[in-house]
Amino acid sequence: MHVLTLTTNEDAPFLSQQVAALERRGVSFTTLAVPGDPAGTEGRGPLDYLRYVPRVIREAGPEYDLVHAHYGLIAPMALAQARLPVVLSLWGSDLLGSVAPISRFCARFCEEVIVMSAEMRRHLDGDCEVIPDGIDLERFEPRDRNAARAAVGWTENGYDVLFPYAPSRTIKDHPRAKRIVARADERLDRPVTLRTVYGVDHDEIPTYMNAADALLLTSESEGSPNAVKEALACNVPVVSTAVGDVPERLDGIDPSTVGETDLELVDGLVSVLRRGERPNGRAAVRELSLERTTDAWLDVYERAVGRETVRRPRRRASRSRPSAE
């Protein structure tokens, strides 16, 4: 099977590792990214997306079996070509944020739709498959914390709270994370440091995870945040807002907590840090191994290429695998 991948971010680690897993199963990929620099000062504009349309139409030839569009904003470009069936993956903000109307409308005309969480499924009017991103459990595993701290240079005597996102990503709400950590610091007898880690190779993230006393997620919206699942795979406590599938992921995980208000998040973080224990989160995310999510993606691909490409709204019952509830 040969897949044309359309994406806004060809360097996204979760996409790269899932593609690599599928390639090991015999699927080949060609990736076509939206032009422009999303990390630049001007970001991407409407002209970048307009220039993308003819490129997609030219590329989507008979040598491919299907088009897999990642992110709702590029679904119209995927549907603009009439030759190939379309699989659409929605990432979270494209279904829960400002571009949601585009995502919902286009999803009705795609052969298959993948969402990351049960919450996203509830926001989508139509059929979809719930497949959270898989975790490489061989890479993300518990390690000796002192060795990890030494490796990343966190040698101060205090608590280290990991925030694995760039401050510029407003939806992650870095100012709130700083506020939560500052208030927790006032209540503890050892200093609490917010470790904002971004721009490092994804292979280094397991070391940062294992060096941390806790992962803090203050996002305003999410689908199925990989950082939470990766932290759990390393048996690292998580303190998070109630976004996406995080409440389901943290159900029964102790110590870890979900909060809505600043006070709830501060209380949760203080409790986690005082206890200084590691949860058995790894057992809870075994179902999200790359092998299982690869099986699920292959099933979606096989269904998509088994249908005629007819652009009409789809209406069937939703499915969910691997379990996300």
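Placed above this text is the structure.
Residues numbered from 1 in each chain as written. Predicted model: local features only at pLDDT ≥ 70, side-chain atom pairs only at ≥ 80, totals over all residues. Heavy atoms only, no water.

Here we come to the packing of aromatic side chains. Under the criterion given, the structure shown has 6 aromatic pairs. With 5.9 Å between their ring centres and 65° between their planes, Tyr71 and Trp91 make a pair best called edge-to-face. Taken as a pair, Tyr71 in the loop between strand S3 (66-70) and helix H3 (75-80) and Trp91 in the loop between strand S4 (86-89) and helix H4 (93-96) lie far apart in primary sequence, 20 residues in all. Grouping residues by exposure puts Tyr71 and Trp91 together as buried. Residues Trp297 and Tyr301 carry aromatic rings whose centres are separated by 6.2 Å and whose planes lie at 55° to one another, so their mutual orientation is tilted. Residue Trp297 and its partner Tyr301 are located together in helix H14 (residues 290-305), separated by 4 residues, close to a single helical turn. (Phe/Tyr/Trp six-rings, centres within 6.5 Å; stacked < 30°, edge-to-face > 60°. Helix = DSSP H or I, 4+ residues; strand = E, 2+ residues; numbered from the N terminus. Buried < 20%, exposed > 50% of the residue type's maximum accessible area, 1.4 Å probe, protein only.)

Here we come to helix H10 (residues 226-233). Burial runs high along H10: 8 of the 8 residues are buried. When we look at burial in H10, the residues that qualify are Asn226, Ala227, Val228, Lys229, Glu230, Ala231, Leu232 and Ala233.

Three or more residues of helix H7 (residues 145-152) are buried, namely Ala148, Arg149 and Val152. One side of H7 holds all its buried residues, which, seen down the axis, span an arc of 100°. Opposite its buried face, H7 presents the exposed residues Asn146, Ala150 and Ala151, each directed more than 90 degrees away. Where H7 is buried, its residues touch strand S7 (159-163) and helix H9 (205-211). A distance of 3.3 Å separates the backbone nitrogen of Asn146 from a side-chain oxygen at the start of H7, and that oxygen is part of Asp144. One or two positions beyond H7, positive phi appears at Gly153, with a value near 85°. (Arc of directions from axis to C-beta. Contact = heavy atoms within 4.5 Å. Polar contact = N/O pair within 3.5 Å; in protein donor to acceptor, adjacent residues only side chain to side chain.)

Where side chains of opposite charge bring their charged atoms close, a pairing between them can arise. Summed over all chains, the structure comprises 19 salt bridges. Across the salt bridge formed by Glu156 and Arg195, the nearest N and O atoms sit 2.9 Å from each other. Residue Glu156 is found in the loop between H7 and S7, and its partner Arg195 is found in strand S8 (residues 192-196); the two are separated by 39 residues along the sequence. On the basis of relative accessible area, Glu156 is assigned to the partly exposed category, the value being 45%. In this structure Arg195 comes out as buried when scored by relative accessible area, which is 14%. The closest approach of N and O atoms between Asp262 and Arg176, which form a salt bridge, is 2.6 Å. With a gap of 86 residues between them, Asp262 in helix H12 (residues 262-275) and Arg176 in helix H8 (residues 174-187) connect regions that are remote in the sequence. Exposure class is identical for Asp262 and Arg176. Each is buried. (Salt bridge = Lys/Arg side-chain N within 4 Å of Asp/Glu carboxyl O.)

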